[in-house]
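Chains, contacts and geometry: an overview
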Amino acid sequence: MEAGAPEDLVGAAVEQAGRAYAPYSRFRVGAAVRTSDGRVYGGCNVENSSYGLTVCAERTAVFKAVSEGSRGVVEVAVYAADSDEPVPPCGACLQVLSEFARGDPRVYMISRTGRIRVARLSQLLPMAFRLRGETG
């Protein structure tokens, strides 16, 4: 694992990928976010036969954090269990992460082969949509 990649966050994302429900894409993803209070929340992708109702792992993790009263995402890990290459969050997930980000979080993207790519949220979504200031 790359130096600096937080093992607890990456481990939570890997664990969550094992819970993914992906019978249509067969592309299992696990994600974990660390919030400003130090807590880690994980999520997996949950597909639906009505594809528009599918929810990505990253949004599941963020929504879990918010529903538990925690905001201010400071780190993100995304594990693609079925990819040899690291995969970034989709645009919808990047926008949701931006809504709840504290500062400019690092996003760790991990493949099943252990390859890691690290980027700042602002690099992945340089022109995030905003109606108001930071919420994190």
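None of the values given here were measured: they were computed from a predicted structure. (Residues numbered from 1 in each chain as written. Predicted model: local features only at pLDDT ≥ 70, side-chain atom pairs only at ≥ 80, totals over all residues. Heavy atoms only, no water.)

1. A look at the UniProt feature "binding site: substrate" (unreviewed entry) in the protein chain
Note the cut-off: UniProt positions are given in the numbering used here, feature names are shortened, and annotations may be inferred rather than shown by experiment. Strands here mean DSSP runs of E at least two residues long; helices mean DSSP runs of H or I at least four residues long; both are numbered from the N terminus. The contact definition used throughout considers only heavy atoms, calling two residues in contact when any of these lie within 4.5 Å. Each residue gets one of three labels from its accessible area relative to the maximum for its type: buried under 20%, exposed over 50%, partly exposed in between, using a 1.4 Å probe on protein chains only. Definition of a polar contact: a pair of N or O atoms within 3.5 Å, with one able to donate and the other able to accept a hydrogen when the atoms are protein atoms, and with sequence-neighbouring residues admitted only if both atoms are side-chain atoms.
Following the UniProt record, one finds the feature "binding site: substrate" (unreviewed entry) at N45, V46, E47, N48, S49, S50 and Y51. Its location among the elements puts N45 in the loop between β2 (40-44) and α2 (57-67). Those residues within four positions of N45 in sequence are excluded, and the remaining contacts are A20, Y21, A22, F27, R28, V29, V55, C56 and A57. On the secondary structure map, E47 appears in the loop between β2 and α2. By relative accessible area, which is 9% here, E47 ends up buried. Once residues within four sequence positions are removed from consideration, E47 is found in contact with Y21, A22, P23, Y24, S25 and T54. Reaching out from E47, the side chain makes a polar contact with the backbone nitrogen of Y24 at a distance of 2.9 Å.

2. A look at the pairing of strand β1 (residues 29-35)
Counted only if it meets this: Any two strands with at least two DSSP bridges between them are considered paired.
Burial of β1 is extensive: 7 of the 7 residues sit out of reach of the surface. Burial of β1 is two-sided: the residues V29, A31, V33 and T35 facing one way and the residues G30, A32 and R34 facing the other way are all buried. The pairing of β1 with strand β3 (residues 73-80) spans 7 bridges and is classified as antiparallel. By the bridge assignment for β3, T35 is matched with V73.

3. Quick notes on the sheet that holds β3
Across a sheet, strands are paired by hydrogen bonds formed along the backbone, either parallel or antiparallel in direction. Our working rule: Throughout, an axis means a line fitted to C-alpha atoms (over the contacting stretch in the case of helices), and angles, computed between N-to-C directions, take values from 0 to 180 degrees.
Taken together, 5 strands build an open sheet; the order of strands is β2-β1-β3-β4-β5 and the sheet is mixed. Of all the strands in the sheet, the pair left with one neighbour each is β2 and β5 (116-120). The average undirected angle you get between the axes of adjacent strands in this sheet is 15°. Pairing of β3 with strand β4 (residues 101-111), which is carried by 7 bridges, proceeds in the parallel orientation. Bridging from a neighbouring strand, A77 pairs with Y108 of β4.

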